[in-house]
Amino acid sequence: MTTDTYRVRMTGICKRYHPIQTLDNVSLTLKPGEVLGLVGDNGAGKSTLSKVLSGAVIPDSGTIEIDGKVVSFASPADARAAHVEMVYQDLSLCDTVDVAGNLFLGREPRRHVLGMPLLDKKTMHALTRDMLDRLGIVIADTRLKVENLSGGQRQSIAIGRAASFEPKVLIMDEPTAALAVAEVEAVLELIRAVSARGVSVILITHRLQDLFLVCDRIQVMYEGRNVAERRIEDTSIEEVVNLIVGRKFAARSAHNGHETGASA
Amino acid sequence: MTMPTSQTGHAGSHVSQARLRKATLWDKLLANGSVVSIALFFLVVCVVFSLVTNAFLTAPNLLNIVRQSAPLLIVAAAMTFVITTGGIDLSVGSVLALVATLSATALQAGLPWPLVIVMMLALGAFIGAIHGFFIAYERIPAFIVTLAGLSVIRGIALLITGGYSIPIETTSLFTTIGRAWFLGIPVPALIALCILALAYVVFNDTPFGRYVTGIGANMEAVRRAGIDTRFTILFVYILSSVSAALAGVILAARLGSGSSNAGQGFELEVIAAVVLGGTSLFGGRGTIVGTVLGALTVAVIANGLILAHMSPFLTPIVTGTIILIAVWLNFRLFRGAVRGK
């Protein structure tokens with residue numbers, strides 16, 4: 001296999017927070033347009049690994065390649081310059097600003113009247129409507145303030161905003177946590193729409209049934225190490241649960257989960 | 001244009017259009033609740049004084065109110081920006097006093113009046129930049145920085161004048177800024193009107209105004225969007241000090257003297273007007289229209305009580321009570337002004 005077929009290739013990533021080896025020789029690969037599910041119990045190192053890729057954490061050792069080029073991220077700005085975007089729901093939205101304002105924060109369309117830069121609200125709302133429709137995000141009015149939206153709509157706006165920066169890689173940490181059922185569906189649909197546009201997605205979640213709905217591949221982490229990687233069609237929810245907890249475990253939740261996943 | 005309704009907080013592709021009803025008048029009122037409640041207060045106060053006194057509802061009196069409240073209106077407009085970022089500027093009364101005394105001193109020294117005005121506005125910008133530097137770049141709470149400013153700047157004004165007030169030649173063109181009438185309207189009122197219109201446009205229709213609101217709501221999000229949040233905050237304090245300097249010029253011109261004791265408690269009057277108007281002290285929510293109504297309400301109460309031959313000492317009592325009731329109504333009825341994040 002050649003390296004240039006990978007959008008992201010992380011190899012031998014180690015990170016120690018005294019005295020815990022949070023990441024121990026971890027690897028991760030991601031192809032263009034692929035959706036990778038990153039799972040593991042709390043403290044398995046998935047969030048730290050995603051932070052390494054998004055530049056928020058600097059690893060002790062290991063290499064990161066993007067499109068075959070070795071990169072080193074000293075800050076989230078570096079990662080962003082390499083088109084790696086991370087979705088932070090509550091860190092990326094201004095509650096008292098409307099939907100369009102949030103999507104275009106920092107790059108508002110402008111018109112000049114007497115030399116004064118004014119917001120071109122008409123263009124902004126029209127572009128927002130386009131963007132929402134293209135990504136299948138359902139929001140009645142782009143003039144709604146974000147604080148009046150549901151958790152799922154807020155999450156969709158945060159993802160839509162990140163997606164609009166034309167990223168190569170989009171990292172989402174628990175995008176479906178604490179969402180209503182219909183909202184989870186909407187967010188998963190959005191993830192499919194984004195990956196169909198060629199964006200590689202890393203999805204970190206505890207909701208295993210979601211993985212089977214959107215992921216191409218699952219990578220399981222256990223105590224800071226990679227323990228398994230499965231193509232979605234080769235595995236089952238029972239197997240993933242066993243891999244996560246690190247032993248053979250006839251989990252009832254796995255059976256229930258499988259049913260939920262199958263019927264959803 | 002459809003207005004936002006507060007009932008559309010449902011997600012997903014499953015919500016049928018039928019559940020998204022058109023915004024009713026009530027929805028619009030609720031969405032602008034803080035402005036509506038202060039508008040009601042303003043109307044009630046005006047009606048009461050019109051009935052109780054004969055002199056209140058006359059053109060000369062109303063123009064006089066606007067003329068006298070011009071400094072309040074101007075500084076309150078700038079303070080709306082400051083408070084919307086989640087900050088506060090306590091130094092505006094002291095800046096006003098310093099500028100009033102310095103402009104009188106400069107005119108006495110024979111400097112031409114246009115130069116004096118430019119120098120005073122530049123002084124305001126300089127003071128605001130110092131405040132902004134400590135607040136935005138050194139991350140010292142705005143309350144503390146501007147409290148220090150309040151003390152130091154008033155002290156400088158007292159030191160320069162030795163506590164005496166300095167007269168301005170009434171023949172000087174400088175006094176026209178405070179005393180002249182143009183097209184039947186007092187010049188201070190015209191200046192205030194221009195500043196308010198400008199503030200309204202900047203607050204609602206420019207990227208800068210948008211970032212001011214954004215910083216108050218979620219500064220980290222605005223910073224991540226690539227905006228220089230520190231400079232934006234610094235600039236907001238420059239605006240407030242420049243507006244205080246302009247207010248000082250107008251006051252000195254109207255009174256024909258510069259007193260180091262001018263504007264005692266002015267900062268509290270300004271903050272009261274802004275909060276009364278529905279701008280949230282937590283930041284993220286501000287309204288220029290509300291601020292104008294808030295400032296006019298404060299001004300009308302002071303004027304009306306005097307016309308009604310009541311003790312002028314009732315003014316702070318009534319103003320304070322109305323602030324509490326108005327903000328309480330906002331909080332209970334409209335869930336607007338005081339709601340946290």
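Residues numbered from 1 in each chain as written. Chains lettered and ligands numbered in written order. Predicted model: local features only at pLDDT ≥ 70, side-chain atom pairs only at ≥ 80, totals over all residues.

For chain B, an unreviewed UniProt entry supplies the name Simple sugar transport system permease protein and the organism Rhizobium herbae. For chain B, the Subcellular location (unreviewed entry) comment in UniProt is given as "Cell membrane". (UniProt positions renumbered as here; feature names shortened; annotations may be inferred.)

Named according to an unreviewed UniProt entry, chain A is Simple sugar transport system ATP-binding protein originating from Rhizobium herbae.

Trainee: Give a detailed account of the overall build of chain B, specifying residues and quantitative values.
Mentor: Check the secondary structure of chain B and you find 13 helices and four strands. By the burial criterion, 49% of the 341 residues in chain B qualify as buried. Of all intrachain contacts in chain B linking residues separated by at least 6 positions in sequence, the fraction that spans at least 24 positions is 78%. (Helix = DSSP H or I, 4+ residues; strand = E, 2+ residues; numbered from the N terminus. Buried ≥ 20, exposed ≤ 12 C-beta atoms within 10 Å, placed from the backbone. Contact = placed C-beta atoms within 7 Å.)

Trainee: Please set out the sheet that holds strand 5 (residues 69-71) of chain A residue by residue, giving values where relevant.
Mentor: Residue and element names in this part refer to chain A. Read from one edge to the other, the open sheet built from four strands follows the order 2-1-4-5, with strand pairing classed as antiparallel. Only two strands of the sheet have a single partner each, and these edge strands are strand 2 (20-30) and strand 5. Pairs of neighbouring strands in the sheet enclose a mean axial angle of 30°, with direction left out of account. Of the strand pairs in this sheet, strand 4 (residues 61-66) and strand 5 are connected by three bridges, and their pairing is antiparallel. In the sheet register, Glu65 faces strand 5, and the bridge partner there is Val70. (Pairing = 2+ DSSP bridges. Axes fitted to C-alpha atoms, helices over the stretch in contact; angles between N-to-C directions.)

Trainee: Account for the sheet that holds strand 10 (residues 200-204) of chain A, with residues named and values stated.
Mentor: All names here are of chain A. Sheet architecture is open: six strands sit in the order 6-9-10-3-11-12, paired in mixed fashion. Unpaired on one side and paired on the other, strand 6 (84-87) and strand 12 (225-231) mark the two borders of the sheet. The sheet shows a mean angle of 20° between the axes of neighbouring strands, direction not considered. In this structure, strand 11 (residues 217-222) lies alongside strand 12, joined through six bridges in antiparallel fashion. Of the residues in strand 12, the one forming a bridge with Val220 is Ala228. Of the strands in this sheet, strand 3 (35-39), strand 11 and strand 12 are in contact with helix 9 (residues 237-245), which crosses strand 11 at around 25°.

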